[in-house]
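Residue strings, one per chain:
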Amino acid sequence: MADAISDAIVAEKLSKRYGKTAALDEVTFAVPEGAIYGLVGANGAGKTTIIKTLMNIIRPTSGRARVLEIDSTSLAGKGFERIGYVSENQEMPEGMTVGAMLGYLRPFYPRWDRELETRLVRQFDLPLKRKLKHLSRGMRMKAAFVSSLAYRPRVLVLDEPFSGLDPLVRDELIEGLLDQSVDRDGETTILLSSHDLAEIESFASHIGFLENGRMLFSDEMTVLKERFREVTVTLEGPRPLPMGLPAAWLKPEVADCVVRFVHSDFRGETTEAEVSAAFDGARDISFDAMPLRAIFLAIARAERAQRVVNGDVAGRADA
């Protein structure tokens, strides 16, 4: 059993600038050990920049990050014996067969599990005697997954691994990930970036949302869904919104006798009483749970509106 640590990955005020353009702006988050952490955001939000910084492919301009308590700028050599990394543009030895590649990699990883390798090859139906350059994109990603899962890493970092794959291949890879997580009894921590919210929502335990190089929130999936509610207030007649609305009431809108907004800090009966008091005499008030996509849209729109108010129009780098 590996020594326990509270957080497998930690980023503290992590920033990356290219000249005057910020790719990351003081990003702070933590990935608990054993979590499946979904790092989500639109293309260009900064997801790949974070992952490359964690893997010591690029250096941060300021701030720091740690992976398995190793500073990311010191990560090299033996440190990667416990860390797996797969990206959508994975470089692979094209002239090798799948079997030859796996055989080449085994000696570099003392924890390599031949039984697990065999099981994964069978599960993914990989052709061991075929050269990598002759494989489809889906098969190449399966080979990359086997090469990273077979040595049972404590941390597995995946950068848009399902991008461009057909649904069947994607589901097979997700199943392989979940099987590995269960098999390791929570000892493998997974950080996975994606712009596909539905893909992440189906299996992530934690979620972080990037927008223009900033981490808008980072939380447990269950806590996040409990915090947000779509509130609909039906009034007896038209009336203006109350003055001084709480900051947790995102994007309030009025249409005739109906007021709608997103509550970002729902606290059950306490919140229900506060809203009822603000709209005394309302005919009806409903608090509806929200899907992940609706939560993200509400937060992103509120953030963009705040940036306009603040006059913050600084550029962001694609990442």
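Residues numbered from 1 in each chain as written. Predicted model: local features only at pLDDT ≥ 70, side-chain atom pairs only at ≥ 80, totals over all residues. Heavy atoms only, no water.

(A) Looking closely at the packing of aromatic side chains. Applying the stated rule across the entire model yields 12 aromatic pairs. Relative to Phe 296, the ring of Phe 217 has its centre 5.4 Å away and its plane inclined at 50°; by these criteria the two rings are tilted. Placement of Phe 217 in strand E10 (residues 214–220) and of Phe 296 in helix H9 (residues 292–310) is noted, with a sequence separation of 79 residues between them. Judged by centre distance (4.3 Å) and plane angle (10°), the rings of Trp 249 and Phe 261 are stacked. Here the residue Trp 249 occupies a position in strand E12 (residues 249–255), and Phe 261 occupies one in strand E13 (residues 258–263), the gap between them amounting to 12 residues. When its relative accessible area of 8% is taken as the criterion, Trp 249 is described as buried. Using a relative accessible area of 2% as the deciding quantity, one classes Phe 261 as buried. Put simply, the rings of Tyr 109, Trp 112 and Tyr 151 touch in pairs and so form one group of aromatic residues. When the ring centre of Tyr 18 is taken as reference, the NZ or CZ atom of Lys 16 above it lies at 5.3 Å. (Phe/Tyr/Trp six-rings, centres within 6.5 Å; stacked < 30°, edge-to-face > 60°. Helix = DSSP H or I, 4+ residues; strand = E, 2+ residues; numbered from the N terminus. Buried < 20%, exposed > 50% of the residue type's maximum accessible area, 1.4 Å probe, protein only. Lys NZ or Arg CZ within 6 Å of the ring centre and 35° of its normal.)

(B) Structural view of the side chain of Lys 47. Among the structural elements, Lys 47 can be located in helix H1 (residues 47–54). On the basis of relative accessible area, Lys 47 is assigned to the buried category, the value being 2%. Within the local environment of Lys 47, its side chain forms a polar contact with the backbone oxygen of Ala 42, the two atoms lying 3.1 Å apart. (Polar contact = N/O pair within 3.5 Å; in protein donor to acceptor, adjacent residues only side chain to side chain.)

(C) Structural detail: helix H3 (residues 114–123). If you check which residues of H3 are buried, you get Leu 116, Glu 117, Leu 120 and Val 121. Angularly, the buried residues of H3 cover 135° about the axis, an arc narrow enough to put them on a single face. Every exposed residue of H3 that faces more than 90 degrees away from the buried side is listed here: Glu 115 and Arg 122. Its side-chain oxygen at 3.0 Å from the backbone nitrogen of Glu 115, Asp 113 defines the N-terminal cap of H3. (Arc of directions from axis to C-beta.)

(D) Examining unusual backbone geometry more closely. Here the phi dihedral of Asn 56 falls at roughly 60°; this positive angle occurs in a residue that is not glycine. If you trace the backbone, Asn 56 turns up in the loop between H1 and strand E4 (62–67). Residue Lys 251 is not a glycine yet carries a positive backbone phi of 50°. Tracing the backbone through its elements, the reader meets Lys 251 in strand E12.

(E) Here's a closer look at the side chain of Ser 15. Tracing the chain through its elements places Ser 15 in strand E1 (residues 7–18). The contact partners of Ser 15, leaving out residues within four places of it in the chain, are Leu 24, Asp 25, Glu 26, Pro 60, Thr 61 and Ser 62. (Contact = heavy atoms within 4.5 Å.)

(F) Local environment of the nonpolar core. The biggest cluster of nonpolar side chains holds 55 residues, and the ones touching the most others in it are Phe 145, Phe 162, Leu 177, Ile 207 and Phe 296. The greatest single-element share of this core, amounting to seven residues, is contributed by helix H4 (residues 137–149). Excluding residues that lie within four positions of it along the chain, Ile 207 makes contacts with Tyr 37, Gly 38, Val 40, Ile 200, Phe 217, Ser 218, Asp 219, Met 221, Leu 224, Leu 292 and Phe 296. Ranked by size, the runner-up nonpolar core spans 26 residues in total, among them Ala 11, Leu 54, Val 67 and Ile 83. (Core = buried A, V, L, I, M, F, W, Y, C linked by side-chain atoms within 4.5 Å.)

(G) Region of interest: the environment of Glu 160. Counting through the fold element by element, Glu 160 comes out in the loop between strand E7 (155–159) and helix H5 (167–183). C-alpha of Glu 160 to C-alpha of Arg 283: the two residues are 123 residues apart in sequence and 47 Å apart in space. Aside from chain neighbours lying at most four places away, what touches Glu 160 is Asn 43, Lys 47, Glu 88, Ser 193, Ser 194 and His 195.

(H) Representation of the pattern of salt bridges. Overall, the coordinates contain 16 salt bridges when judged by the stated rule. For Arg 66, the salt bridge goes to Glu 12, with nearest N and O atoms at 3.5 Å. Of this pair, Arg 66 sits in strand E4 while Glu 12 sits in strand E1, and the two are 54 residues apart along the sequence. A residue is classified by how much of its surface remains accessible, and Arg 66, at 22% relative accessible area, is partly exposed. Here Glu 12 falls in the partly exposed class, since its relative accessible area comes to 33%. The partner of Arg 140 in a salt bridge is Glu 94, and the shortest N-O contact between them spans 3.0 Å. Linking Arg 140 in helix H4 with Glu 94 in the loop between strand E6 (83–87) and helix H2 (98–105), this pair joins segments that are 46 residues apart in sequence. Under the relative-accessibility criterion, Arg 140 is labelled buried at 18%. (Salt bridge = Lys/Arg side-chain N within 4 Å of Asp/Glu carboxyl O.)

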